[in-house]
Amino acid sequence: MSGQSLTDRIAAAQHSVTGSAVAKAVCKATTHEVMGPKKKHLDYLIQCTNEMNVNVPQLADMLFERTANSSWVVVFKALITTHHLMMYGNEAMICLPSLGDIADT
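Residues numbered from 1 in each chain as written. Predicted model: local features only at pLDDT ≥ 70, side-chain atom pairs only at ≥ 80, totals over all residues. Heavy atoms only, no water.

Across its full length, the chain holds six helices and zero strands. Traced from its N-terminal end to its C-terminal end, the chain shows the element sequence α-α-α-α-α-α. Going through the 105 residues of the chain one by one, you find that 38% of them count as buried. Pairs at least 24 apart in sequence give 61% of the contacts found in the chain among residues at least 6 apart. (Helix = DSSP H or I, 4+ residues; strand = E, 2+ residues; numbered from the N terminus. Buried < 20%, exposed > 50% of the residue type's maximum accessible area, 1.4 Å probe, protein only. Contact = heavy atoms within 4.5 Å.)

Below you can see the structure in the form of structure tokens.
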């Protein structure tokens, strides 16, 4: 059995039903489980930053929303995931105006 909480499993299932693979990957990379994000989820999100049909600003917004979570584990994993995408993902992830707005606040 995995260490994911029931909340994490329900959120992932909701994203599966709506067909949002990117939202599901963000949810799974930022679970309540006290361990780092899984490499397969980080790799998938990096791949998404290089695809033309993925809305990178929306991906960044999804990660930003996870930083408002009450669990420090989810917030920390969202920050780790954001850092990983900025380091290894498409340069569009660094140039996002929304990330600049976040830094100004």
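Moving on, we come to the packing of helix H2 (residues 21-29) against helix H4 (residues 56-66). Contact pair H2 / H4: the axes reach a minimum separation of 10 Å and the direction vectors enclose 30°. Remark: the crossing between H2 and H4 carries right-handed chirality. On the side of H2, the interface is formed by Val 22, Ala 23, Val 26 and Cys 27, while H4 contributes Leu 59, Met 62, Leu 63 and Arg 66. Within the contact of H2 with H4, the residues separate by chemical class into seven nonpolar, no polar and one charged. (Axes fitted to C-alpha atoms, helices over the stretch in contact; angles between N-to-C directions. Left-handed = near helix turned anticlockwise from the far one by under 90°. Nonpolar A, V, L, I, M, F, W, Y, C, P; charged D, E, K, R; others polar.)

All of the buried residues along helix H3 (residues 39-49) are His 41, Leu 42, Leu 45, Ile 46, Cys 48 and Thr 49. Looking straight down H3, one finds its buried side chains confined to an arc of 155°; they lie on one side. In H3, the exposed residues that point more than 90 degrees away from the buried face are Lys 39 and Lys 40. (Arc of directions from axis to C-beta.)

Evaluation of the coordinates by the stated rule reveals one salt bridge. The salt bridge involving Lys 39 is made with Asp 43; its shortest N-O contact spans 2.7 Å. Here Lys 39 pairs with Asp 43, and both are found in helix H3, just four residues apart, close to one helical turn. (Salt bridge = Lys/Arg side-chain N within 4 Å of Asp/Glu carboxyl O.)

So, about the nonpolar core. In this structure, Val 22, Val 26, Leu 45, Leu 59, Leu 85 and Met 93 are the most contacted members of the largest nonpolar core, which totals 16 residues. Ignoring anything within four residues of it in the chain, the contact list for Leu 45 reads Val 22, Ala 25, Val 26, Ala 29, Leu 59, Thr 81 and Leu 85. (Core = buried A, V, L, I, M, F, W, Y, C linked by side-chain atoms within 4.5 Å.)

The topology assignment puts Thr 49 in helix H3. Classification of Thr 49 by relative accessible area gives buried; the value is 3%. Here the side chain of Thr 49 touches Asn 90 through a polar contact of 3.0 Å, landing on its backbone nitrogen. (Polar contact = N/O pair within 3.5 Å; in protein donor to acceptor, adjacent residues only side chain to side chain.)

Another point: the packing of H2 against H3. The N-to-C vectors of H2 and H3 enclose an angle of 145°; their axes lie 9 Å apart at closest approach. Between H2 and H3 lies a crossing whose hand is left-handed. In this structure, H2 uses Ala 21, Val 22, Ala 25, Val 26, Lys 28 and Ala 29 to contact H3, whose residues at the interface are His 41, Tyr 44, Leu 45 and Cys 48. Of the residues in the contact of H2 with H3, the class split is eight nonpolar, one polar and one charged.

Take a nonpolar patch on the surface next. On the surface, a nonpolar cluster with roughly 400 Å² of combined accessible area is contributed by Val 34, Trp 72 and Phe 76. Its location among the elements puts Phe 76 in helix H5 (residues 72-88). (Patch = residues over 30% accessible without salt bridge, like charges linked within 9 Å, V, L, I, M, F, W, Y side chains within 5 Å. Areas by Shrake-Rupley, 256 points an atom, 1.4 Å probe, with all protein chains shown as cover.)

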